[in-house]
Amino acid sequence: MECEWKPDELGLQQILQLLKESQSPDTSTQRSVQQRLEQLNHFPDFNNYLIFVLTKLKSEDEPTRSLSGLILKNNVKAHYQNFPNGVSEFIKSECLQNIGDSSPLIRATVGILITTIASKGELQNWPELLPKLCLLLDSEDYNTCEGAFGALQKICEDSAEILDSDLLDRPLNIMIPKFLQFFKHNSPKIRSHAIACVNQFIISRTQALMLHIDPFIENLFALATDEEPEVRKNVCRALVMLLEVRLDRLLPHMHNIIEYMLQRTQDQDENVALEACEFWLTLAEQPVCKDVLCGHLSQLIPVLVNGMKYSEIDIILLKGDIEEDEAIPDNEQDIRPRFHRSRTVAQQHEGDDIGEEDDEDDELDDDDTISDWNLRKCSAAALDVLANVFRDDLLLHILPLLKELLFHPEWVVKESGILVLGAIAEGCMQGMIPYLPELIPHLVQCLSDKKALVRSITCWTLSRYAHWVVSQPPDIYLKPLMTELLKRILDSNKRVQEAACSAFATLEEEACTELVPYLAFILDTLVFAFSKYQHKNLLILYDAIGTLADSVGHHLNKPEYIQMLMPPLIQKWNQLKDEDKDLFPLLECLSSVATALQSGFLPYCEPVYQRCVNLVQKTLAQAILHQSQPDQHEAPDKDFMIVALDLLSGLAEGLGGTIEQLVARSNILTLLYQCMQDKMPEVRQSSFALLGDLTKACFQHVKPCIADFMPILGTNLNPELISVCNNATWAIGEISIQMGPEMQPYVAMVLHQLVEIINRPNTPKTLLENTAITIGRLGYVCPQEVAPMLQQFIRPWCTSLRNIRDNEEKDSAFRGICTMISVNPGGVVQDFIFFCDAVASWVNPKDDLRDMFYKILHGFKNQVGEENWRRFSDQFPTPLKERLATFYGV
């Protein structure tokens, strides 16, 4: 036995001094402590000192000892593989000897240290750890049992996968039955640890647990009404997870479980209530939801609605009593990172004048500054999903409650009623319609309530009914709603400003050109908000302006509107440094504005273009530096480059040919060649969009690079990365139209991938449509190369293009198909009915295209003869028969 390691007294004093200093609030002291710690890491036995202070130096105060352990934990995380053997053995044995320390803080610190060593792959190299901890569970001494359980819980959380693998000879077969024994222990803390340990293995359906699933569930039921909140919380959490993975085992008890969860959702302890409330969210996703829950709705709905009120603590945290805070600058920590949605090229469909994209923005995030997830949000989310399951049947239980809530004298109650109304908007829309003529004006009145929290939730709820408002005569609802919302954009409370801006953006998407008569009025407000807003809301304001431009398009291109809108935007643009992340939303906004203003954007175009090219160049340069010397140079934030590429696309799309001189004077195509090969998919996605837009705007500058670009486009036709593939496909189609017959050498690089994509099951609609258009365009310019494959794609080609609107892209694609049919008529014979259907989808094709259709239809009819044609056309649905007869006389 080697003699026990002993610290040197002087060294020990130094380290204690350092630990004391590191608790100082002063940042420069903190920094020098960090540096000293780094230096000390070079001494092999530095970590011995740290464990010594944690486990042996009982004369020191607990926070200092615990801190010593946490510094050791960080060292284990960073350098464990370099610890000398003696040191790691000393640390391990000290940990196991002190897991039962009388101080809960020291026990917990030792537990954290143990799980950190275990997760560094040391579970294999520390074979005695798990058996020893399991043995300590049986100790008579409470501290030892609790310490060992605390450590085991952390190991189960951090190393669940490896515990259930052959690497360790499947210890769970022993551990899980062992944990189950402790569900009945007399200490609530131990019971709680035991459930938490087992809970780690539910979602992964771990075999060792599935074997004991029935005793596990019985034990849970036995603890259902435990007096310890932490135990009740873990019971609820277990039941929520079992609902996902072992519904079969819960079904026989479902009635009782639902009754139990109803009580727990009203638990005095909010953490328990929140955990129980998750049950309804999870249940709503199960197909059995409707059957098992319909009998309980009359009890459940009031409970959820009641949970939607702000708690007293929420109101304090939200500073609900401070009505005016617009002059107080934002705390920078509160500003959440934004994600830029890169450009994707998509087709317009018949009948979708209204932006039908899935709105991720209108989720229930009315108060995102509080601890993010709480009972109010969970109850509202549960009501939202249940409204989608039960639809209008839910109203039976909701309407009586709503009447009382919406007109309640207490603002907290009234506010929760408005939230309820917003939460059910999606699922119960049909059933709500009769009440909206009365409710919408009431809500518009609530927009001027004296409580800021009522005004802000009302903005959100109204945005959930924007679709209906826009479908009604504008003077009755749209105009008063817009007038009031614009006032709220200028509210003196920041939360209201934010809610109003977001709601207005939703209204813009729904109303589109309905807003044109009010443009001056809207711009007035949005521009005034520029001078008023603090940092966080400014970012949302950019979004409202960008959405406005997307919604009204070229109607924005009037000198008086440009005069109002552009100076404040350009002023911000000039203030921001190239490194400032606020450029993202501003660039996105300008991209929409440039596309809408078209020629109106010309006066602002050059500086904006130059800066975008610079941003791309800087980012690429930084990336190269980082690759060659990662220690000296940090990786660039590529979002700068992505957003800049997208704004260049907006300029190219809005300005068309007038961008030619700017392209001529810059190295954008060289940069684009690098971006197209970037390893980050979003960079490639945006660069292909820009390539397509430059191809349309000034092909003379793109053409010399085609031989370099085409192979790259070919390798990016990988449908696993949908958006990259989509934009590459679209760019190939635009290039074909410009190249004409000279496209011939490149067809082989892309055709097989395109045909494969169009035949893939579950390919998203946008990608199918763009693939079909590109195949058609390739066939239009190089029919001899593409027509031989006609039979392999004609059917999915026809079905994917029948729903898109008449436009240039559809026109060139159909010309291609007709040309290919004339080269290879046999390729279409088997699927001719699909071709007829696709032809009939045209509302008014150009005359020469109509002639092409006419010739093919009549040629086919003459080929098969009158009798066969009649038999063939008898299979047509009536509307198709009528359209073909009317337009083409067949």
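Residues numbered from 1 in each chain as written. Predicted model: local features only at pLDDT ≥ 70, side-chain atom pairs only at ≥ 80, totals over all residues. Heavy atoms only, no water.

Chemist: Tell me what's going on with the overall build of the protein, and back it up with residues and numbers.
Modeler: Looking only at helices and strands, the protein has 50 helices and 0 strands in total. Across its three principal axes, the protein shows a C-alpha extent of roughly 100 × 70 × 65 Å. Counting every position in the protein, which comprises 890 residues, the buried fraction comes to 57%. Contacts in the protein between residues far apart in sequence, at least 24 positions, make up 75% of those at least 6 positions apart. Carbon and sulfur atoms make up 52% of the accessible area of the protein, which amounts to about 39300 Å² in all. For the protein, the distance from the average position of its 77 positive side-chain charges to the average position of its 125 negative side-chain charges is 1 Å. (Helix = DSSP H or I, 4+ residues; strand = E, 2+ residues; numbered from the N terminus. Buried < 20%, exposed > 50% of the residue type's maximum accessible area, 1.4 Å probe, protein only. Contact = heavy atoms within 4.5 Å. Areas by Shrake-Rupley, 256 points an atom, 1.4 Å probe, with all protein chains shown as cover. Lys, Arg positive; Asp, Glu negative; His and termini not counted. Charge placed at Lys NZ, Arg CZ, Asp CG, Glu CD.)

Chemist: Explain the packing of aromatic side chains to me, and be specific about the residues and the numbers.
Modeler: The description of an aromatic ring pair rests on the distance of the ring centres and on the angle between the ring planes. As enumerated under the stated definition, the model contains 23 aromatic pairs in all. Seen from their ring centres, Phe601 and Tyr604 are 5.9 Å apart, and the 50 degrees between their planes marks the pair as tilted. Taking the centre distance of 5.5 Å and the plane angle of 90 degrees together, the rings of Phe814 and Trp842 count as edge-to-face. In this pair, Phe814 is assigned in helix α46 (residues 808–823) and Trp842 in the loop between α47 (832–840) and α48 (847–864), connecting sequence segments 28 residues apart. The two residues Phe814 and Trp842 agree in class, both being buried. An aromatic cluster of at least three residues, connected via ring pairs, comprises Trp797, Phe814, Trp842, Phe853, Phe887 and Tyr888. One Lys or Arg, Arg611, reaches over the ring of Trp573 and ends 4.8 Å from the middle of that ring. (Phe/Tyr/Trp six-rings, centres within 6.5 Å; stacked < 30°, edge-to-face > 60°. Lys NZ or Arg CZ within 6 Å of the ring centre and 35° of its normal.)

Chemist: Account for the packing of helix α30 (residues 519–532) against helix α31 (residues 535–552), with residues named and values stated.
Modeler: Between α30 and α31, the shortest axis-to-axis distance is 10 Å and the interhelical angle comes to 160 degrees. Here α31 runs roughly antiparallel to α30, going by the angle between their axes. Crossing geometry of α30 relative to α31 is assigned as left-handed. Taken together, the residues of α31 that come into contact with α30 (itself represented by Leu519, Ile522, Leu523, Leu526, Ala529 and Phe530) are Leu538, Leu541, Tyr542, Ile545, Leu548 and Val552. Residues that form the contact of α30 with α31 fall into these classes: 12 nonpolar, no polar and no charged. (Axes fitted to C-alpha atoms, helices over the stretch in contact; angles between N-to-C directions. Parallel < 35°, antiparallel > 145°, perpendicular 65-115°, else oblique. Left-handed = near helix turned anticlockwise from the far one by under 90°. Nonpolar A, V, L, I, M, F, W, Y, C, P; charged D, E, K, R; others polar.)

Chemist: Help me get a handle on the packing of helix α7 (residues 129–136) against helix α8 (residues 142–158), residues and values and all.
Modeler: For the pair α7 and α8, interaxial distance at closest approach is 8 Å and the crossing angle is 140 degrees. Judged on the interaxial angle alone, α8 and α7 are oblique. Where α7 crosses over α8, the handedness of that crossing is left-handed. Where α7 abuts α8, its residues Leu129, Leu130, Leu133, Cys134 and Leu136 lie against Thr144, Cys145, Ala148, Ala151, Leu152 and Ile155. Taken together, the residues of the contact of α7 with α8 break down into 10 nonpolar, 1 polar and no charged.

Chemist: Outline the environment of Ile773, supporting the account with residue identities and numerical values.
Modeler: Along the chain, Ile773 turns up in helix α43 (residues 765–781). Put simply, Ile773 and Gly733 are 40 residues apart on the chain and 7.0 Å apart in space, counted from C-alpha to C-alpha. Filtering out sequence-adjacent residues up to four positions away, Ile773 remains in contact with Gln347, Leu801, Ile804, Glu809 and Ala813.

Chemist: Tell me about the environment of Leu515, and name the residues and values.
Modeler: For Leu515, the position within the fold is in the loop between α29 (494–511) and α30. Judged by its relative accessible area of 0%, Leu515 is buried. A C-alpha to C-alpha distance of 32 Å links Leu515 and Leu383, two positions 132 residues apart in sequence. Excluding anything up to four places from it in sequence, Leu515 contacts Met482, Glu508, Ile522, Leu548 and Val552.

Chemist: Describe the side chain of Ser841, naming the residues involved and giving the relevant values.
Modeler: Within the secondary structure layout, Ser841 lies in the loop between α47 and α48. Here Lys810 takes part through its side chain, which lies 3.2 Å from a polar atom of the side chain of Ser841. In terms of polar contacts, Ser841 uses its side chain to reach the backbone carbonyl oxygen of Ala838, at 2.6 Å. The contact partners of Ser841, leaving out residues within four places of it in the chain, are Leu801, Arg802, Asp806 and Lys810. (Polar contact = N/O pair within 3.5 Å; in protein donor to acceptor, adjacent residues only side chain to side chain.)

Chemist: Give a detailed account of the nonpolar core, specifying residues and quantitative values.
Modeler: Residues Phe216, Trp280, Phe601, Phe793, Trp797 and Phe835 are the most contacted members of the largest nonpolar core, which totals 317 residues. The residues contacting Phe601, other than those within four sequence positions of it, are Met566, Leu590, Val593, Ala594, Val608, Leu651 and Leu655. By size, the runner-up hydrophobic cluster in this structure holds 5 residues, among which are Ile315, Leu318, Val412 and Leu453. (Core = buried A, V, L, I, M, F, W, Y, C linked by side-chain atoms within 4.5 Å.)

Chemist: Can you tell me about the environment of Ala108, naming the residues and giving the values?
Modeler: Its location among the elements puts Ala108 in helix α6 (residues 104–125). For Ala108, a relative accessible area of 31% translates into the label partly exposed. A C-alpha to C-alpha distance of 9.7 Å links Ala108 and Lys154, two positions 46 residues apart in sequence.

Chemist: How would you sum up the pattern of salt bridges? Please name residues and give values.
Modeler: Applying the stated rule across the entire model yields 46 salt bridges. Residue Arg264 pairs with Asp267 through a salt bridge whose shortest N-O separation is 2.8 Å. The buried category is assigned to Arg264, whose relative accessible area is 13%. A relative accessible area of 9% places Asp267 in the buried class. Glu867 is the partner of Arg871 in a salt bridge, and the nearest nitrogen-oxygen pair spans 3.9 Å. Taken as a pair, Arg871 and Glu867 lie in helix α49 (residues 866–873) at a separation of 4 residues, close to a single helical turn. Accessibility expressed as a relative area gives 52% for Arg871, which makes it exposed. The exposure class of Glu867 is partly exposed, given its relative accessible area of 42%. One network of salt bridges, in which partners are shared, links Arg455, Glu484, Lys487, Arg488 and Asp491. (Salt bridge = Lys/Arg side-chain N within 4 Å of Asp/Glu carboxyl O.)

Chemist: Now, about α31: what can you tell me, with residues and values included?
Modeler: Compared with an ideal rise of 1.5 Å per residue, which puts 18 residues at 26 Å, α31 spans 27 Å between its outermost C-alpha atoms and is within 8% of the ideal. The buried fraction of α31 is high, at 15 of 18 residues. Immediately downstream of α31, the backbone of Gly553 shows phi near 55 degrees, a positive value. (Expected span 1.5 Å × (residues − 1).)

Chemist: I'd like a description of the confidence of the model for the protein, backed by residues and values.
Modeler: Across the protein, the average pLDDT comes to 91, with 96% of residues at or above 70. Residue range residues 351–371 is modelled with pLDDT below 50. Its contacts to residues more than four positions away, or to other chains, number 42 contacts. (pLDDT = per-residue confidence, 0-100.)

Chemist: A description of unusual backbone geometry should follow, citing residues and the corresponding values.
Modeler: If you check the backbone angles, Cys512 has positive phi at about 45 degrees while not being a glycine. Relative to the helices and strands, Cys512 resides in the loop between α29 and α30. Judged by its relative accessible area of 17%, Cys512 is buried. One non-glycine residue with positive phi stands out, namely Gln598, at about 50 degrees. Tracing the chain through its elements places Gln598 in the loop between α33 (583–597) and α34 (602–628). Take Gln598: its relative accessible area is 37%, and that puts it in the partly exposed class.

Chemist: Outline helix α10 (residues 172–181), supporting the account with residue identities and numerical values.
Modeler: Every buried residue of α10 is listed here: Leu172, Met175, Ile176, Lys178, Phe179 and Leu180. Against the buried residues of α10 lie α7, α8, α9 (160–163), α11 (188–199), α12 (207–210) and α13 (213–222).

Chemist: Before we move on, could you go through a nonpolar patch on the surface and cite the residues and values that matter?
Modeler: On the surface, Ile313, Ile316 and Leu317 cluster together into a nonpolar patch covering about 330 Å² of accessible area. Residue Ile316 is classed as exposed on the basis of its relative accessible area, which comes to 63%. (Patch = residues over 30% accessible without salt bridge, like charges linked within 9 Å, V, L, I, M, F, W, Y side chains within 5 Å.)

Chemist: Could you give me a rundown of the side chain of Ser88, with the residues and numbers involved?
Modeler: Structurally, the position occupied by Ser88 is in helix α5 (residues 85–98). Take Ser88: its relative accessible area is 7%, and that puts it in the buried class. Setting aside chain neighbours within four positions, we find Ser88 in contact with Tyr80 and Phe83.

Chemist: Got a sec to walk through the state of the cysteines? Specific residues and values, please.
Modeler: Taken as a whole and judged by the stated rule, the model has 0 disulfides. In this model Cys95 remains outside any disulfide bridge; the closest cysteine sulfur is found in Cys134, 17 Å from its own. (Disulfide = S-S within 2.5 Å.)

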